[in-house]
Amino acid sequence: MRHFFSTLIPMFLLFCLAAPRVHGEAAPAPSFADAVDLSPLDRVAVQWEGRIKSFYAMARDTMGIVTGPRGLEGQSQVFTYLDLMFRPGQYQDRPLVYLKNKPMRIGLSEVLLSDGAVTEEEAAVLRKRGQFSLTDLSHPDVASEMEKYRRDLMKTAKFVNMARFAVALTNPPELMARMCVLPPTGADESDRWHSVGELDQPAMLLPIDPEIREPLREHWRNLKAAWQREDAPAVNAELAAFCDLLPQIEPSVYPSQKRLGWESWYFRAGSMTWGWLIYLLATMFLLGGVVYRWRTARWIGLSVFLGAFGVHTAAIMLRWWVSGRWPNSNMFEAVTTAVWFGALLALGLEWAARRSSMRNLFALTAACASMAALMAARYLPQLDPSIGNMMPILHDIWLYIHTNVIIASYAVIAMASVTGALYLLYRLFGGKADYARVGGAAVLFESGKRGLNESRRASPAEVFDGATMILMELAVVMLWAGLIMGAIWADHSWGRPWGWDPKEVFALNTFLIFLVLVHVRLKVKDKGLWTAVLAILGCAVMLFNWIVINFIITGLHSYA
């Protein structure tokens, strides 16, 4: 009891000290950014880059180019977009434009420091965060240094162009031109939408019913004036009225506000990539079930895995509905969809292996692969979750055949590397050199032989090796089928089945690694060890193909 109160009392005192004071001190007034209600914009459609998307998605994409992946502290991207448009002077001296290239950050911060434009502490912040103010970038010496970087076409020219494009996006006329929220009248939704800046044009250039046009113009003017004087209640009223009128311009072509709202929610929820945390929890319990043969941990792990898969499925289906196409046409979609295929396959394998010693392993491998992929999708800025239009060459039925088979095989390869790593760890900590006598997928159907069945208790080495072989066999078949389908599609699209494109070459290299594994397993003595090593090596080649080829080496498959 003494220990209980000695713990409880400090916690209570800490709570009291942390609690807000309500007697004798007024609560601080909310800032303008906190008081403004921008939720009506979640259901506003905007046409940009050939696609009808929610205003939230467009503002997020635009401000991501300007401020980088971190954004501005204390502000939503939608608020920053509107504030830059209505009050650009507030941002002249504020860290705003993101420079991606770290050597450029260091060089420009040194220029500003040597000229006395910033202090040592401010220069350190510039080097770390990479956000420079418009005043910093307009400094004569900085402009001269940027011009030197622009001349280096191999290393830094593209980053200078990105910075200059970001600066151009901070101009209010450019931001207003992107607000194409006025739908065409009596036409298809794919026809040109009009920007809010066109409200001041003559009626003959903007054919909108005057009973809607005039209130829209008035609400927009009032919104701008209220924003500039930081009158949050007036901003909220004018913005809500303006957004309510937009669908009335042409209800027949205006997209579903429900879909627009879900699209905004999807991006506000981080594209639901936080599901990696649920996969992590599933991994912990499933690993406990494998290592300790703990039945309770197994069932908890499978239940959590099903929950994670449910969230993952909801994210895939929601993106499919919002974008109007199956999500597999860019790197973010390929990575997240690939591991979804892997998790789906793992559920089938768990059912097939429910009476074998390999139960738990397939869900464990899929949980590990999905966790890693969703973490990458959440934290790596290179995996941009923006929804855009597909390249014209991708509008083909083979996109849904070849691409899905290839990315699913990549997920299976990643899963095989997990069981391969478990085998190596088991051997590293003194486990005996053993392997599965019944090869690969046959273990799920064979019985009565010395293998991974219930006729005897299999060793952990046999279990890990058997699971690795099952996954490797599936990967070989799927990867080979994907390569053949890719050749058919290439012949159909480019007039030749094979062109030694970097991605084609390394996809073939990955397949050859597994062919080597098949032959090595037939000849070597320590079959389990070499199977595990080659499984991990094959995963490394696959990752090289997916990462280096897509982001560094340019080829015909650079869009994938």
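Everything numeric in this text was worked out from a predicted model, so none of it was measured.

**Q** Report on the overall build of the protein chain, specifying residues and quantitative values.
**A** Secondary structure assignment for the protein chain yields 21 helices and four strands. Looking at the protein chain as a whole, 50% of its 560 residues are labelled buried. Taking as baseline every contact in the protein chain between residues at least 6 positions apart, the subset at least 24 positions apart corresponds to 71%. When the accessible area of the protein chain is evaluated, it comes to approximately 27200 Å², of which 64% is carbon and sulfur surface.

**Q** Any details on the packing of helix α13 (residues 257-268) against helix α15 (residues 295-323)? Residues and values, ideally.
**A** At their nearest, the axes of α13 and α15 sit 10 Å apart, and the two run at 130 degrees to each other. Taken together, the axis directions place α13 and α15 in an arrangement best described as oblique. The chirality of how α13 crosses α15 is left-handed. Between α13 and α15, the residues in contact are Lys258, Arg259, Trp262, Glu263, Trp265 and Tyr266 and Ala315, Leu318, Arg319, Trp321 and Val322, respectively. The residue makeup of the contact of α13 with α15, split by class, is seven nonpolar, no polar and four charged.

**Q** Would you mind going over the pattern of salt bridges in detail, with residue names and values included?
**A** Under the defined criterion, the tally for this structure stands at 23 salt bridges. Note that Arg325 and Glu333 form a salt bridge whose closest N and O atoms lie 2.9 Å from each other. Like Glu333, Arg325 is buried. If you follow the salt bridges from partner to partner, you end up with Asp200, Glu214, Arg217 and Arg221 in one network.

**Q** Let's hear about the packing of aromatic side chains: which residues, and what values?
**A** For the structure shown, the criterion picks out 18 aromatic pairs. For the pair Trp320 and Trp326, a centre-to-centre distance of 4.8 Å together with 90 degrees between the ring planes defines the contact as edge-to-face. Within the aromatic cluster, the residues linked to one another by ring pairs are Phe32, Phe79, Phe86, Trp220, Trp227 and Phe242. Above the face of the Trp299 ring, Arg298 is positioned so that its terminal group lies 4.9 Å from the ring centre. Taking NZ or CZ as reference, Arg354 lies 3.9 Å from the ring centre of Trp351, over its face.

**Q** Tell me about the environment of Ala338, and please be specific about residues and values.
**A** Here Ala338 is to be found in helix α16 (residues 331-352). You can call Ala338 buried: its relative accessible area is 1%. In this structure the C-alpha to C-alpha distance between Ala338 and Tyr410, which are 72 residues apart in sequence, comes to 7.1 Å. Other than its neighbours up to four places away in sequence, Ala338 contacts Glu333, Ile407, Ala411 and Trp546.

**Q** Report on empty space enclosed by the protein, specifying residues and quantitative values.
**A** Counting across every chain of the model gives two cavities of 30 Å³ or more. Volume-wise, the second largest cavity comes out at about 70 Å³. Together, Tyr266, Ser271, Met272, Thr273, His312, Ala315, Ile316, Arg319, Phe332, Thr336 and Leu374 line the second largest cavity. Counting only elements with at least two residues in the lining of the second largest cavity, the list comes to α15 and α16. For the lining of the second largest cavity, the leading source of residues is α15, giving four residues.

**Q** Lay out the nonpolar core in plain terms, naming residues and giving numbers.
**A** If you look at the biggest cluster of nonpolar residues, it comprises 155 residues, and the most contacted ones within it are Phe55, Tyr81, Leu82 and Phe305. No other element matches the 13 residues that helix α18 (residues 398-428) contributes to this core. In contact with Tyr81, other than residues within four places in its own chain, are Phe55, Met58, Ala59, Thr62, Met63, Leu175, Arg178 and Met179.

**Q** Hey, could you go over the pairing of strand β2 (residues 51-54) for me, with residue numbers and the actual values?
**A** With four bridges connecting them, strand β1 (residues 45-48) and β2 associate as antiparallel partners. Bridge pairing in β2 places Gln47 opposite Ile52. Counting the residues between successive antiparallel strands, the hairpin from β1 to β2 contains two residues, one of them, Glu49, with a positive phi of roughly 55 degrees.

**Q** Explain helix α6 (residues 120-129) to me, using residue names and the numbers behind them.
**A** Considered for burial, the residues of α6 that qualify are Ala123, Leu126 and Arg127. With its buried residues spanning 95 degrees around the axis, α6 presents them on a single face. Across from the buried face of α6, at angles greater than 90 degrees, the exposed residues are Glu121 and Lys128. Structurally, α6 contributes buried residues whose contacts are with α5 (102-114), β4 (131-132) and α7 (134-138).

**Q** Could you give an account of the side chain of Asn101, naming the residues involved and the relevant values?
**A** Relative to the helices and strands, Asn101 is located in the loop between β3 (97-98) and α5. In this structure the side chain of Asn101 is engaged in a polar contact, spanning 3.0 Å, whose partner is the backbone nitrogen of Met104. For Asn101, the contacting residues outside a window of four places in its chain are Thr156 and Phe159.

**Q** Describe in detail a nonpolar patch on the surface, supporting the description with residues and values.
**A** A contiguous nonpolar surface patch, about 440 Å² in accessible area, is contributed by Trp274, Leu277, Leu280, Leu281 and Met284. Of note, Leu280 is situated in helix α14 (residues 276-292). A relative accessible area of 31% places Leu280 in the partly exposed class.

**Q** Break down the confidence of the model for the protein chain for me, citing the residues and quoting the values.
**A** For the protein chain, the average pLDDT comes to 84, and 87% of its residues sit at 70 or higher. Ranking the helices and strands of the protein chain by mean pLDDT puts helix α17 (residues 361-379) first, with 96, and helix α1 (residues 2-18) last, with 40. Every residue in residues 1-27 scores below 50 in pLDDT, and together they form one contact with partners more than four places removed in sequence or on other chains. Within the model, pLDDT remains below 50 along residues 447-455, and this stretch shows 23 contacts once partners closer than five positions in the same chain are excluded.

**Q** Explain α13 to me, and be specific about the residues and the numbers.
**A** A rise of 1.5 Å per residue sets the reference length of α13, with its 12 residues, at 16 Å; its end C-alpha atoms lie 16 Å apart and thus fit the reference within 8%. Where α13 is concerned, the buried positions are Arg259, Leu260, Glu263, Ser264, Tyr266 and Phe267. Mapping the buried residues of α13 onto a view down its axis gives an arc of 160 degrees, with all of them on the same face. Where α13 is buried, its residues meet β1, β2, α3 (55-67), α15 and α16.

Calculation notes
- Residues numbered from 1 in each chain as written.
- Predicted model: local features only at pLDDT ≥ 70, side-chain atom pairs only at ≥ 80, totals over all residues.
- Heavy atoms only, no water.
- Helix = DSSP H or I, 4+ residues; strand = E, 2+ residues; numbered from the N terminus.
- Buried < 20%, exposed > 50% of the residue type's maximum accessible area, 1.4 Å probe, protein only.
- Contact = heavy atoms within 4.5 Å.
- Areas by Shrake-Rupley, 256 points an atom, 1.4 Å probe, with all protein chains shown as cover.
- Axes fitted to C-alpha atoms, helices over the stretch in contact; angles between N-to-C directions.
- Parallel < 35°, antiparallel > 145°, perpendicular 65-115°, else oblique.
- Left-handed = near helix turned anticlockwise from the far one by under 90°.
- Nonpolar A, V, L, I, M, F, W, Y, C, P; charged D, E, K, R; others polar.
- Salt bridge = Lys/Arg side-chain N within 4 Å of Asp/Glu carboxyl O.
- Phe/Tyr/Trp six-rings, centres within 6.5 Å; stacked < 30°, edge-to-face > 60°.
- Lys NZ or Arg CZ within 6 Å of the ring centre and 35° of its normal.
- 1 Å grid on protein atoms, 1.4 Å probe; cavity = no way out; pocket = protein on both sides within 12 Å on 5 of 7 lines; lining within 4 Å.
- Points joined across faces, edges and corners; volume = space filled by probe spheres on them.
- Core = buried A, V, L, I, M, F, W, Y, C linked by side-chain atoms within 4.5 Å.
- Pairing = 2+ DSSP bridges.
- Arc of directions from axis to C-beta.
- Polar contact = N/O pair within 3.5 Å; in protein donor to acceptor, adjacent residues only side chain to side chain.
- Patch = residues over 30% accessible without salt bridge, like charges linked within 9 Å, V, L, I, M, F, W, Y side chains within 5 Å.
- pLDDT = per-residue confidence, 0-100.
- Expected span 1.5 Å × (residues − 1).

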